[in-house]
Amino acid sequence: MIITSLKVKDFGIFYGSQQLSLGPGLYVIHGRNGRGKTTLLNAIRWSLYGHYIDRQRRPVAPVVMLNRQARREGTNGFSVELRLQEGSDQFLIRRSQVLSGAGVPPSQLYIEHNGYPLTAGERERVVTQLLSERVSRFFLFDGEQLQNYELLLSQEETTSQMIKQGIEEILGLPVLDNALFDLAAVRTELNRRLARQARATQQLQQVGMRAEQAQSELDSKQADIAGLLEQQREQERIIRERDDFLQQYESSLEQMKNLEALDAKVVDLRTQRDQLREERADHLHHVWRDILAAAVEPKVRDLQQRLERSEQARAAQAAREQVQRSLLEGRCVVCGRDLDADHESHLSEELDRLPEVTEGEARPDPEAVTQLAQLSRIINTGHAEAVIRLDRSLAEIGSEELARKQEAAQLRQALQNLPENEVTHAQRERDQAQQRLGRLLVAIEEAEREKGGIEDRLRRAQDEIRRSGAGGGQQNHLSRSIDLTDDLHRVFDLAKGNFRDDLRIAVETTATEVFKQLTNEPNYSRLAINDSYGLQIIDANDQVVVGRSAGQEQVVALALIAALNRNATRRGPVMMDTPFGRLDPTHRTNILRFLSHMAEQVFLLVHGGEVTDEDLCVIRASINEHFELRRDDTDRTTIIIRSDQ
Amino acid sequence: MEETRPDLLETLRAAATECGVSLPEGLLEEVLRLEKETTEQDGARGMIQVRLRTVLERHAEEAP
């Protein structure tokens, strides 16, 4: 499919009616920022799907989509018209929006197929057939969003599951899914007929009733499971939407966590400070003792010496008394041995050497003991040192608290514009949806188990009916139809897995081929695909390249998109908005050279800083037309054809 | 670039052989054609299933 004409009327920055006549090949649409490149991409999206999402993934209100100059002049509506060619079929798709004073009615979609208008019911179906919204991300895309494809490498991500579904749709897998679904429905109908027929036969009446009962239970169980699956999809949608919303505040949320940690730290420091202050007050209560210590110390020393001398005198007196008694008794009072002349002479010398002690000197001094005990309590308490130490700690804590408070204040200032309530609300909703999803998955598993039991009962009843052969030719025909349905179901089921594997190999092969044309790294040998169609770069040593740069990521994503287009059941125009933002000049040139091979019709929406005229020289021969978005004033852009061909 | 896309009908035939299933001639083609024609008509599956059942019953009747 290609776009043969695009007409915008008072849409966004495009004032009045402006038209691009198009054919197959490469189109370059050049314009500085704010000239309407993304608006053109959104005009196509809006004409097909009826909604316009801005870069922050927020829906844009119709009143904002109307050109401001046109609004000032009293115009109350805008429209986009696409002409498409699919093989030999021509389609005209026109969406228009009227803004009335009473409010904003829904936009109107009008479609002609080969000149004949389609009914309302056919219109949405035709759009889905031509380019369903689920797969449009592979055709109409913003270069900045190419990094989303990295999510495919993480297969648990909800977004990656959504992209995977889109990829499988574009590759044609829903044909097999639908066939399996339809065959199961046909089998159910045939089951019912078989049971009805059995019930009408006298000898099979009871087993027929059992089969009908089991079928009816199976229907209810399947309806329950379908309801649960619907709820599962709804919860996944909520998670996906909240994740998308929260993603834009990711860094702010990180800062919020830092702020919470800082606030907690400040509280902790305050608690520490209060404890230290209490401790300090306690020490301060006793610090007078340390002040008096200097005056008391000489007196204490004097008392200690006095008591020491008194102790020594008592010891000397006791020794003299022992020696004197031994000499007097002629026998050692310690060991009890008799003294000979030598011993006596030795003891006499000892007696002369021992000092004579007066009674006063040897008398115990209880007063000095009491005084020393009292004065000792005053000295060596360490209260003053403790106060000094605590003052130092308090100063350190105070300065840390101040620093943390300043840091928190700066963060608070930075987070001022964060819609905190909305973010908190979204987080809560996401968490609740995650919990509900968990419960639903358990319920689905349980329901599936119960369904298995019912199916067993149904199968046993059917086998009984079929073995009896009591239903005659009609029953035989029904049995053959059932067998055929079962055979087909098995074949389609097996084919689904095999076809998916084959498609993955085909995508991997083509993506590798494209990647090798786009990359400037000779050490990369191929791309390897995973179950979710995520692509890893493999180097010459057959090792996975880890830590890919944003530029490499973009090249891999473009290779995937090219491979999908090549292997898709339905092909469409590729429109890329600012795809070169993260690429170096060599990659840029490689991609420019490759563009005309990417699809039958390719649109490149670029600004001068991204692709220069020099760059375009490389591909001038393959450019079908070069348009420029010229700014007339702040509210008007005109599309002109550049004559530099 | 070389065409690498696998053929769905061939995949189905190979799956039938792998399953050891012998299907009436033309049945796979007919079912696949029907599903391909109607694959985007999510809301109209009831009619598709009636057509599919008719196809199956016809082949069952023609079977020897």
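Computed from a predicted model, the values in this text were never measured in an experiment.

Caption draft 1: Layout of the overall build of chain B. What chain B contains, in helices and strands, is 3 helices and 0 strands. Seen in sequence order, chain B has helices and strands lined up from the N terminus as α-α-α. Looking at chain B as a whole, 44% of its 64 residues are labelled buried. The contacts in chain B between residues at least 6 apart in sequence include a share of 36% that link residues at least 24 apart. Of the roughly 3600 Å² that chain B leaves accessible, carbon and sulfur atoms contribute 48%.

Caption draft 2: Looking closely at the packing of helix H15 (residues 472-518) of chain A against helix H17 (residues 585-598) of chain A. Residue and element names in this part refer to chain A. At a minimum axis distance of 8 Å, the contact between H15 and H17 shows a crossing angle of 130°. Looking at the two axes, H15 sits oblique to H17. Judged by residue contacts, Val514, Gln517 and Leu518 of H15 engage His587, Asn590, Ile591 and Phe594 from H17. Residues of the contact of H15 with H17, tallied by class, amount to 4 nonpolar, 3 polar and no charged.

Caption draft 3: The arrangement of unusual backbone geometry in detail. All names here are of chain A. Phi is positive for Asn114, which is not a glycine, with a value near 50°. On the secondary structure map, Asn114 appears in the loop between strand E6 (108-113) and strand E7 (116-117). With phi around 70°, Tyr533 is a residue other than glycine that occupies positive phi space.

Caption draft 4: Fine view of the interface of chain B and chain A. With 38 residues of chain B in contact, the opposing surface of chain A contributes 47 residues. Here chain B and chain A share an interface that buries about 3700 Å² over both sides, 66% of which is from carbon and sulfur atoms. Counting across the chain B and chain A interface gives 2 salt bridges. For Arg45 of chain B, the salt bridge goes to Asp182 of chain A, with nearest N and O atoms at 2.8 Å. In this assembly, chain B and chain A are joined by 6 residue pairs in polar contact (both at pLDDT 80 or more). Looking at the side of chain B that touches chain A, the elements with two or more residues in it are helix H1 (8-19), helix H2 (27-37) and helix H3 (45-62) of chain B. The class makeup of the residues in the side of chain B that touches chain A is 19 nonpolar, 6 polar and 13 charged.

Caption draft 5: How the structure looks around H3 of chain B. Here H3 of chain B spans 26 Å end to end across 18 residues, near enough to the 26 Å set by a 1.5 Å rise per residue. Residues Arg45, Ile48, Gln49, Leu52, Arg53, Val55, Leu56, Glu57, His59 and Ala60 of chain B constitute the buried set of H3 of chain B. Buried residues along H3 of chain B sit in contact with helix H6 (174-200) and H15 of chain A together with H2 of chain B.

Caption draft 6: Summary view of the pairing of strand E13 (residues 623-633) of chain A. Residues and elements named next belong to chain A. Bridging between strand E3 (residues 25-30) and E13 involves 5 bridges; their strand directions are parallel. Looking across to E13, one finds that His30 is bridged to Glu628. Bridge count for E13 against strand E14 (residues 636-641) is 6 bridges, and the pairing is antiparallel. Of the residues in E14, the one forming a bridge with Leu629 is Ile639. Connecting the antiparallel pair E13 and E14 is a turn made up of 2 residues.

Caption draft 7: Seen up close, the nonpolar core. Ranked by internal contacts, the top residues of the largest apolar core, which has 142 residues, are Phe138 and Phe492 of chain A. The element best represented in this core is H15 of chain A, accounting for 14 residues. Excluding its chain neighbours within four sequence positions, the residues that come into contact with Phe492 of chain A are Leu176, Ala179, Leu180 and Leu183 of chain A together with Leu12, Leu28 and Val31 of chain B. Listed in part, the 12 residues of the second largest apolar core include Leu253, Met256, Leu411 and Leu418 of chain A.

Caption draft 8: Summary view of the packing of aromatic side chains. All names here are of chain A. Throughout the structure, instances matching the rule amount to 7 aromatic pairs over all chains. Ring centres of Phe11 and Phe78 lie 5.7 Å apart, and the angle between their planes is 70°; on these two criteria the pair is classed as edge-to-face. Residue Phe11 is located in strand E1 (residues 2-11), and its partner Phe78 is located in strand E4 (residues 77-86); the two are separated by 67 residues in the primary sequence. We classify Phe78 as buried; its relative accessible area is 2%. Linked through ring pairs, Phe11, Trp46, Tyr52 and Phe78 together constitute an aromatic cluster. Here Arg636 stacks its cationic end above the ring of Tyr15, 5.2 Å away from the centre of that ring.

Caption draft 9: The arrangement of the side chain of Lys496 of chain A in detail. Structurally, Lys496 of chain A is set in helix H15. Within the structure, Lys496 of chain A has its side chain in polar contact with the side chain of Asp177 of chain A (distance 2.7 Å).

Caption draft 10: Main features of the packing of H15 of chain A against H2 of chain B. In contact at an axis separation of 12 Å, H15 of chain A and H2 of chain B are set at 70° when each is read in the N-to-C sense. The orientation of H15 of chain A relative to H2 of chain B falls into the category roughly perpendicular. With respect to the hand of their crossing, H15 of chain A and H2 of chain B are arranged in right-handed fashion. Residues Leu484, Leu488, Val491 and Phe492 of chain A of H15 of chain A form the contact with H2 of chain B, whose own contacting residues are Leu27, Leu28 and Val31 of chain B. Per-class residue counts for the contact of H15 of chain A with H2 of chain B are 7 nonpolar, no polar and no charged.

Caption draft 11: The arrangement of the pattern of salt bridges in detail. What the rule picks out here adds up to 56 salt bridges over all chains. A salt bridge links Arg237 of chain A to Glu241 of chain A, with the shortest nitrogen-to-oxygen separation between them at 2.7 Å. Placement of the pair is Arg237 of chain A and Glu241 of chain A together in helix H7 (residues 205-247), with a separation of 4 residues, close to one helical turn. Between Arg459 of chain A and Asp456 of chain A there is a salt bridge, with the nearest N and O atoms lying 3.0 Å from each other. Taken together, the residues span about one helical turn, with Arg459 of chain A and Asp456 of chain A both in helix H14 (residues 420-468) at a distance of 3 residues. Its relative accessible area of 35% is what places Asp456 of chain A among the partly exposed residues. One connected set of salt bridges, linked through shared partners, spans Glu189, Arg192, Arg193 and Asp219 of chain A together with Glu57 of chain B.

Conventions used here
- Residues numbered from 1 in each chain as written.
- Chains lettered and ligands numbered in written order.
- Predicted model: local features only at pLDDT ≥ 70, side-chain atom pairs only at ≥ 80, totals over all residues.
- Heavy atoms only, no water.
- Helix = DSSP H or I, 4+ residues; strand = E, 2+ residues; numbered from the N terminus.
- Buried < 20%, exposed > 50% of the residue type's maximum accessible area, 1.4 Å probe, protein only.
- Contact = heavy atoms within 4.5 Å.
- Areas by Shrake-Rupley, 256 points an atom, 1.4 Å probe, with all protein chains shown as cover.
- Axes fitted to C-alpha atoms, helices over the stretch in contact; angles between N-to-C directions.
- Parallel < 35°, antiparallel > 145°, perpendicular 65-115°, else oblique.
- Nonpolar A, V, L, I, M, F, W, Y, C, P; charged D, E, K, R; others polar.
- Buried area = accessible area lost by both parts, 1.4 Å probe.
- Salt bridge = Lys/Arg side-chain N within 4 Å of Asp/Glu carboxyl O.
- Polar contact = N/O pair within 3.5 Å; in protein donor to acceptor, adjacent residues only side chain to side chain.
- Expected span 1.5 Å × (residues − 1).
- Pairing = 2+ DSSP bridges.
- Core = buried A, V, L, I, M, F, W, Y, C linked by side-chain atoms within 4.5 Å.
- Phe/Tyr/Trp six-rings, centres within 6.5 Å; stacked < 30°, edge-to-face > 60°.
- Lys NZ or Arg CZ within 6 Å of the ring centre and 35° of its normal.
- Left-handed = near helix turned anticlockwise from the far one by under 90°.

These values are about where atoms sit, not about what they do.
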